Amino acid sequence: MQTSELTREAAAPGKRRVFSGIQPSGEVQLGNYLGAIKGWVERQEDKTNFFCLVDLHAITVYQEPEELRRQTRSLAAILFAAGLDPDKSTVFIQSHVPAHAEACWILNCVTPMGWLERMTQFKDKSANQERVSAGLLDYPVLMAGDILLYDTHEVPVGEDQRQHVELARDIAERFNRVYGETFVVPEAVIAEAGARVMGLNDPTAKMSKSFSHIRGHAVGVLDEPKEIERSFKRAVTDSGNEITFSDDPERAGVNNLLGIYKVITGRSSSQVEGDFVDARGYGDLKARVAEVVIEELAPIQKRYHEIMDDVGELDRLLARGAEHAASVSTPKMDEVKEKVGFTLPRS
Ligand code: AMP
Ligand code: TRP
């Protein structure tokens, strides 16, 4: 039997393997950055990291083709600009590595429909839609394939993806039971701070790319400083004046603003509250939060534009990433095919 390099490595007490994905649909917003990307960058040392631009996932809802192509490159540039280092992290485009779609098919065949119909993201995304693609239902199986192909230990994501990672665990366990030990059972890693950045216009709904067109909802990672100031100025708060963390739904707006400030500054909750004891009302709070966001994003935006000035180099980095990803996932896929009883073509 053929054993992939990683499976052997998995048996050794080597580096922890990290896999995460992000969709190249819509502009990258502050929730993606604080809930996912920032943590990926900070924790890329001493681990084997794979970060995947999941274009196969993106088309589960219609994407304008030229726009998808543009957003995919732009997202890659944002990831490198934010500090993912191609020598420490493999950054690649999902559709460049055929093993992902192949894994999805085989895993489909061990996944009961009922598991998929229960997914809250599917229920939310399909609600009030006239037509829902089979791809939307199947989305978490594709995601399970992404994760399992790399013998992943840790999946750093925002809170909204916890259920999908749980499903990937269930699928791995079921496959292992039916066909014998094959996959590492992964774990979601969800940082407490930043895990759920809420919309500025409505602090009861998570900040999301799909609402980016709504004025004042999201802050784009590439937004100009003036725009960022404006978005925060308009942020919904409450009629009080207390600047403290709180889980009172009435005060969700202020809580969200403090949460954003907390992840960016890396300060504790009491330090953050201390920083605002002298604040003159919510106007002051909003201005100071906008200021730390602008400062955090400025160097990323600068590097982003430098990278986009040389897309040839960007494409080379992505090709290198895909080549490395394929060198790991292709042998794993061969192992899976062998386990389920396929004949492998002679090479
Ligand atoms: P997506 O844009 O759906 O591909 O999400 C990419 C990553 O960003 C995932 O790990 C999500 O959990 C995370 N994410 C998206 N929106 C938010 C948010 N509002 N707060 C925190 N994390 C988020
Ligand atoms: N579904 C994830 C999201 O929308 C993106 C994703 C696809 C992913 N494949 C993954 C995240 C594998 C972690 C691991 O955020």
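Residues numbered from 1 in each chain as written. Chains lettered and ligands numbered in written order. Predicted model: local features only at pLDDT ≥ 70, side-chain atom pairs only at ≥ 80, totals over all residues. Heavy atoms only, no water.

Visitor: Please clarify how helix α8 (residues 134-148) should be interpreted in this entry.
Guide: What sets the pattern is the α-helix's 3.6 residues per turn: residues three or four places apart point alike. The first and last C-alpha atoms of α8 sit 22 Å apart over 15 residues, in line with the 21 Å expected at 1.5 Å per residue. At P140, α8 is deflected by roughly 40 degrees, the largest bend along its length. Of all 15 residues that make up α8, 13 are buried, and the element is covered over most of its length. (Helix = DSSP H or I, 4+ residues; strand = E, 2+ residues; numbered from the N terminus. Expected span 1.5 Å × (residues − 1). Bend = angle between axes of the 7 residues up to and from the residue. Buried < 20%, exposed > 50% of the residue type's maximum accessible area, 1.4 Å probe, protein only.)

Visitor: Would you explain the pattern of salt bridges in this entry?
Guide: Between side chains of opposite charge, pairing is possible as soon as their charged atoms come close. Under the criterion given, the structure shown has 23 salt bridges. A salt bridge links R70 to E27; its shortest N-O distance comes to 3.2 Å. Pair noted here: R70 is in helix α4 (residues 65-82) and E27 is in the loop between β1 (16-22) and α2 (30-42), with a separation of 43 residues, a long-range link. With a relative accessible area of 39%, R70 lands in the partly exposed category. On the basis of relative accessible area, E27 is assigned to the partly exposed category, the value being 36%. Here D87 ties to R320 by a salt bridge, and the two come within 3.1 Å at their closest N and O atoms. (Salt bridge = Lys/Arg side-chain N within 4 Å of Asp/Glu carboxyl O.)

Visitor: Could you clarify how one ought to interpret the packing of aromatic side chains in this entry?
Guide: Geometry of an aromatic ring pair is reported as the spacing of the ring centres plus the angle between the planes. Summed over the entire model, instances satisfying the criterion amount to eight aromatic pairs. Between F19 and F92, the aromatic rings sit 6.4 Å apart at their centres with planes inclined by 75 degrees, giving edge-to-face as the arrangement. Here F92 lies in strand β3 (residues 89-93) and F19 lies in strand β1, a separation of 73 residues in the sequence. On the basis of relative accessible area, F92 is assigned to the buried category, the value being 0%. A centroid spacing of 5.0 Å and a plane angle of 55 degrees characterise the contact between F175 and F183, whose relative ring orientation is tilted. Overall, F175 belongs to the buried group, its relative accessible area being 0%. The exposure class assigned to F183 is buried, which follows from its relative accessible area of 6%. Pairwise contacts between aromatic rings join F19, F50, F92 and Y150 into one cluster. When the ring centre of F245 is taken as origin, the NZ or CZ atom of K262, which lies over that ring, is 5.8 Å away. (Phe/Tyr/Trp six-rings, centres within 6.5 Å; stacked < 30°, edge-to-face > 60°. Lys NZ or Arg CZ within 6 Å of the ring centre and 35° of its normal.)

Visitor: Explain the state of the cysteines here, please?
Guide: Working definition: the covalent bond between the sulfur atoms of two cysteines is a disulfide. Per the counting criterion, the structure on display carries zero disulfides. Sulfur of C52: no disulfide; nearest cysteine sulfur belongs to C104 and is 13 Å away. As a non-bridged cysteine, C104 has C109 as the owner of its nearest cysteine sulfur, 9.4 Å distant. Taking relative accessible area as the criterion, C104 reaches 9% and is therefore assigned buried. (Disulfide = S-S within 2.5 Å.)

Visitor: Even after reading the chapter, I still don't get the packing of α2 against helix α11 (residues 252-265), so can you show me in this structure?
Guide: For any two helices packed against each other, the geometry is given by the interaxial angle and the distance between the axes. It is at 11 Å that the axes of α2 and α11 come closest, and there the two elements cross at 40 degrees. With respect to their mutual orientation, α2 and α11 come out oblique. Note on packing geometry: the crossing formed by α2 with α11 is left-handed. In this structure, α2 uses L30, L34 and K38 to contact α11, whose residues at the interface are I260, V263 and I264. Broken down by class, the residue content of the contact of α2 with α11 amounts to five nonpolar, no polar and one charged. (Axes fitted to C-alpha atoms, helices over the stretch in contact; angles between N-to-C directions. Parallel < 35°, antiparallel > 145°, perpendicular 65-115°, else oblique. Left-handed = near helix turned anticlockwise from the far one by under 90°. Contact = heavy atoms within 4.5 Å. Nonpolar A, V, L, I, M, F, W, Y, C, P; charged D, E, K, R; others polar.)

Visitor: Looking at this structure, how should I read the site of ligand 2?
Guide: Looking at ligand 2, there are 13 residues lining it, with Q23, Y139, M143, D146 and Q161 nearest. Between Y139 and ligand 2, the recorded distance is 2.7 Å, taken from a side-chain N or O atom to a nitrogen atom. With respect to ligand 2, the side chain of Q161 contributes an N or O atom lying 3.1 Å from a nitrogen atom. A total of 360 Å² of accessible area belongs to ligand 2 in isolation, and the protein chains cover 91% of it. Residue assignment for the shell around ligand 2 shows that the elements contributing at least two residues are β1 and α8. Taken together, the residues of the shell around ligand 2 sort by class into seven nonpolar, five polar and one charged. (Near = heavy atom within 4 Å. Polar contact = N/O pair within 3.5 Å; in protein donor to acceptor, adjacent residues only side chain to side chain. Areas by Shrake-Rupley, 256 points an atom, 1.4 Å probe, with all protein chains shown as cover.)

Honestly, it's all geometry; don't read function into it.
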